[in-house]
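Observations on chain architecture
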Amino acid sequence: MNAERTNTANSSPARARSARRGGAALAALTLAGLAGLTAAPAAQGAEGAERTEGAATRPAVAHRADRGALLDVTPVADLSRAEVAAFLRKGEFGTETVRYGVRAYRLTYRTVDTEGRPTTATGLFVLPRTDSGTRRHRAFDLVSDAHGTMVHRDYAPSVAEDSGRLSPYLHAAAGKAVAAPDYLGLGKGPGVHPYMDARSAVTASEDMLRASRTAAQREGRTLSGDLYLTGFSQGGQVTMALAREADRGLAGFTLRAVAPVSGPHDLSGEEFPALFDGRVNDTSAVFYLSYFLVAQNRLHPIYKDPSDVFRAPYADRIERLFDGGHTEEEVLPALPETLKELLTPAFHERMQQPTGGLKEALAANDGFCDWKPAAPVRLYAARGDTDVPIQNARNCASALAAHGVRAPVLDQGGVTHMQSVGKAAPKIARWFARVGS
């Protein structure tokens, strides 16, 4: 689910590495640094204590006339073709589809929060640098590119020129405009990120499409109305959830193709069992589950107090670790090495047969392959992935097949989670070009 995490066996050196920083060793957190995390639990803990199992489900998101209204455009990058290629090579992405340089902008736009109330979000909008002749005035197809798991808000695509920009730059350099939403609570948007909440990721993504149309017009460009969806890891889930909204028109765009990469498409049947049976490596299992439980407890009544779920000393620090202000380099050393060390025995057992708010959270974020898309779908994954096992994609393909849709699972081989997108993205760019030709 995470675009920036290491994907190695669980050892002390492995836990002190970050794929985001090229695998450089990290300094361990000092006791003084941890002291700030072991104070009273974050405010959400008290808020959760007032709720009970079986709380009312979240209200439907009403359409607001101002959703997607563009509030601000900030230029954030201007790269030549050679600079784009160098950036992609550094991130271990293929460069064979690079034809243009890119110009990138941070968009701030209106959207709705997890309860359907007005808020704002940010995202990265990227255009090919086609400045000469009539090419400047041609209409661009649009790619919606959904990023993977991020814990610090400043790692979002619109803020950091980091791994979250690899795929957006690649697709723009291939000749398409790209809308890469930060999601709620990441980038420059307010609040905390509702991690793995597909519904809010869909509204933020759809409203980013609206904002992108306006931004293109401001830059003297035109969008064709044809839309292509892709996303990696957590963004793979978002991709399929967003595609399911295509029947409503997706902000007036026509969906042409769908290509998620290494997405957790089957949380209940595959991804969560894999966290406990060893198919997901221990470091990632602890990280993902901690983030999921803290974020989802803000939306579903999973626990009243962190100590109901997490063992000491982690119960006293866990909500602060996932407040959007801590990096992976800070979070990883503050977590235990295994789920048995993280979870109380009672909750560890409950995870095997989810009930109440936990069951609600899983149900709300599952099943996005159980429908019949009109646009073609290709599912990219890797048999070597120990963050999101390839069976997630196979189960998605089976669900689509039950509706008469053939969605091939394209195995990227015995590579890591992050390497899977580096291998898949250029292939997706070529496929999108063929679909649009």
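The coordinates are above.
One structure accompanies this document, and this report is about it. (Residues numbered from 1 in each chain as written. Predicted model: local features only at pLDDT ≥ 70, side-chain atom pairs only at ≥ 80, totals over all residues. Heavy atoms only, no water.)

**Considering helix α4 (residues 81-90)**
Since the α-helix turns once every 3.6 residues, residues separated by three or four places project in the same direction. Put simply, the test is: Note on classification: 1.4 Å probe, protein chains only; a residue is buried when its accessible area is under 20% of the maximum for its type, exposed when over 50%, partly exposed between these limits. Only runs of H or I of at least four residues qualify as helices and only runs of E of at least two qualify as strands under DSSP, and these elements are numbered from the N terminus. Along the arc lie the directions from the helix axis toward the C-beta atoms. In this description, contact between two residues means that some pair of their heavy atoms is separated by no more than 4.5 Å.
When we look at burial in α4, the residues that qualify are V84, A85, F87 and L88. Along the axis of α4, the buried positions cluster into a sector of 160°, meaning they face one direction only. Seen from the open side of α4, the exposed residues pointing more than 90 degrees away from its buried face are A82 and K90. Residues of α4 that are buried sit in contact with β1 (70-79), β2 (101-112) and α5 (166-173).

**Considering the packing of α4 against α5**
Filter applied, for reference: Interaxial angles span 0 to 180 degrees and are taken between N-to-C directions of axes, which are lines fitted to C-alpha atoms, for helices over the stretch in contact. Each crossing is labelled by how the near helix is turned from the far one, with a counterclockwise turn of less than a right angle marking it left-handed and a clockwise turn marking it right-handed. Under the convention adopted here, Pro, Cys and the residues Ala, Val, Leu, Ile, Met, Phe, Trp and Tyr are nonpolar, Asp, Glu, Lys and Arg are charged, and Gly plus all remaining residues are polar.
Where α4 meets α5, the closest approach of the two axes is 10 Å, and the angle between their N-to-C directions is 140°. As for how α4 packs across α5, the hand of that crossing is left-handed. Contacts between α4 and α5 involve V84, F87 and L88 from the former and L166, Y169, L170 and A173 from the latter. For the contact of α4 with α5, a count of residues per class yields seven nonpolar, no polar and no charged.

**A few points about the side chain of D182**
Applicable threshold: For the charge count, each Lys or Arg is scored as positive and each Asp or Glu as negative, with His and the chain ends excluded. We define a salt bridge as a side-chain nitrogen of Lys or Arg found within 4 Å of a carboxyl oxygen belonging to Asp or Glu. Contacts described as polar in this section are N or O atom pairs within 3.5 Å, which, within protein, must combine one atom able to donate a hydrogen with one able to accept it, while residues neighboring in sequence count only if both atoms come from side chains.
Examined against the element boundaries, D182 turns out to sit in the loop between β5 (177-181) and α6 (198-218). One buried charge, D182, has no salt-bridge partner; the nearest side chain with opposite charge is R106, at 5.8 Å. Among the polar contacts made by the side chain of D182, one reaches the side chain of T122 at a distance of 2.5 Å. Setting aside residues up to four positions removed in sequence, D182 forms contacts with T122, G123, L124, H147, A156, P157, S158 and G187.

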